[in-house]
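Residue-level structure breakdown
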Amino acid sequence: MARKGHRPSKAPAGRPRFWGKHAVGAALANPERTVRKILGTREALAGFDLPADVPVTYAEAADLARLVPGDAPHQGVVIEVEPLEDMWLADLLEHGKDDNRPLVILDGVTDPHNVGAIMRSAAAFDALGIITPDRNAPPESGTIARAASGALESVPWIRVVNLARALEEIAAAGFWRIGLTGHATQTLSEAMGTQRVAIVLGAEGEGMRQNTEQHCDELAKLPISEKVESLNVSNAAAIALYAITTR
């Protein structure tokens, strides 16, 4: 039977490498995550409960450094994993139909550090999930896993082919879609009321695409000082999620 609703995107090919104790520990503890290889120093791996069915290679720290980008702090452990299985937006909305958790929608946020940091904030404030377009969004990576500090394994991440159609599906599920933009005339607290909120954030500099703005119910801004033009998108997401959680 054909699946109804907005379908997920096709998962990217290739196996990501994760590094660092938080990202690796969370991946090993996630029953939905398939780990293919474990590499690390004997000292670092002694702190993990290693699965018996995954090959382990002991290596020196200098050898591990060649497996990760630049000066990435691998902390003595690197793993190779399969990307998590894609989720359907309809399944996420059904899962959260009886609660008031917010959704986070990212339009054109391509920096993996920002996506990871936003994921960490989403976990901290118990967001229902994060939604990004299939294109103009980074794939799973060690950089995202490191910045998310374990949240990549716990926060549902939905990749959609058409963000505008996804926003329509989100509205039909009862969410009030608020786009954050500096040119809005009202603040977030004035816009969100008591409804279930889907907060929409665009790329730094360019902001949301016009079609994305048109699929928001309201536009709002954060009441920041005139001393700065804007906030980093990950900082804006954290502040918005705090405001929604504590309203």
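Below is a short write-up of the structure. Computed from a predicted structure; not experimentally measured.

Turning our eyes to something else, we now look at the sheet that holds strand β4 (residues 77–81). Judged by pairing direction, the sheet is mixed, and its four strands sit side by side in the order β1-β4-β2-β3 without closing on themselves. Looking at which strands have only one partner, the edges of the open sheet turn out to be β1 (17–19) and β3 (56–58). Taking the axes of each pair of neighbouring strands and ignoring which way they run, one obtains an average angle of 20° across the sheet. Here strand β2 (residues 35–40) pairs with β3 via three bridges, running parallel. When the sheet's bridge partners are listed, Ile-38 is paired in β3 with Val-56. Helix α1 (residues 21–29) rests against β1, β2 and β4 of the sheet, and its axis sits at about 120° to β1.

Attention now moves to the environment of Arg-36. Within the element layout of this structure, Arg-36 appears in strand β2. Distance in space between the C-alpha atoms of Arg-36 and Val-81 is 5.4 Å, their sequence separation being 45 residues. Leave out the neighbours within four places in its chain, and Arg-36 touches Arg-15, Val-54, Pro-55, Glu-80, Val-81 and Glu-82. Separated by 3.0 Å, the side chains of Arg-36 and Glu-82 make a polar contact.

On to helix α10 (residues 233–246), then. Three- or four-residue spacings in an α-helix give side chains the same orientation, since the helix completes a turn every 3.6 residues. The end-to-end C-alpha separation of α10 is 20 Å, in line with the 20 Å expected for 14 residues at 1.5 Å each. Taken as a whole, α10 has its buried residues at Val-233, Ser-234, Ala-236, Ala-237, Ala-240, Leu-241 and Ile-244. Considered in projection along α10, the buried side chains sweep an arc of 155° and stay on one side of the axis. The secondary structure elements touched by the buried residues of α10 are β5 (103–107), α5 (112–124), β8 (175–180), α8 (188–192) and β9 (196–202).

By secondary structure assignment, the location of Arg-101 is in the loop between α4 (89–95) and β5. Residues Arg-101 and Arg-17 lie 84 residues apart in sequence; the distance between their C-alpha atoms is 31 Å. The residues contacting Arg-101, other than those within four sequence positions of it, are His-95, Gly-96, Asp-126, Ala-127, Leu-128 and Phe-175. A polar side-chain atom of Arg-101 sits 2.8 Å from a polar atom in the side chain of Asp-99.

The tally for this structure, following the rule as stated, stands at one aromatic pair. Their ring planes at 70° and their centres at 6.1 Å tell us that Phe-125 and Tyr-242 sit as a pair that is edge-to-face. Linking Phe-125 in the loop between α5 and β6 (129–133) with Tyr-242 in helix α10, this pair joins segments that are 117 residues apart in sequence. Positioned over the ring face of Tyr-58 is Arg-42, at 4.0 Å from the centre of the ring. One Lys or Arg, Arg-196, reaches over the ring of Phe-175 and ends 4.1 Å from the middle of that ring.

Calculation notes
- Residues numbered from 1 in each chain as written.
- Predicted model: local features only at pLDDT ≥ 70, side-chain atom pairs only at ≥ 80, totals over all residues.
- Heavy atoms only, no water.
- Pairing = 2+ DSSP bridges.
- Helix = DSSP H or I, 4+ residues; strand = E, 2+ residues; numbered from the N terminus.
- Axes fitted to C-alpha atoms, helices over the stretch in contact; angles between N-to-C directions.
- Contact = heavy atoms within 4.5 Å.
- Polar contact = N/O pair within 3.5 Å; in protein donor to acceptor, adjacent residues only side chain to side chain.
- Expected span 1.5 Å × (residues − 1).
- Buried < 20%, exposed > 50% of the residue type's maximum accessible area, 1.4 Å probe, protein only.
- Arc of directions from axis to C-beta.
- Phe/Tyr/Trp six-rings, centres within 6.5 Å; stacked < 30°, edge-to-face > 60°.
- Lys NZ or Arg CZ within 6 Å of the ring centre and 35° of its normal.

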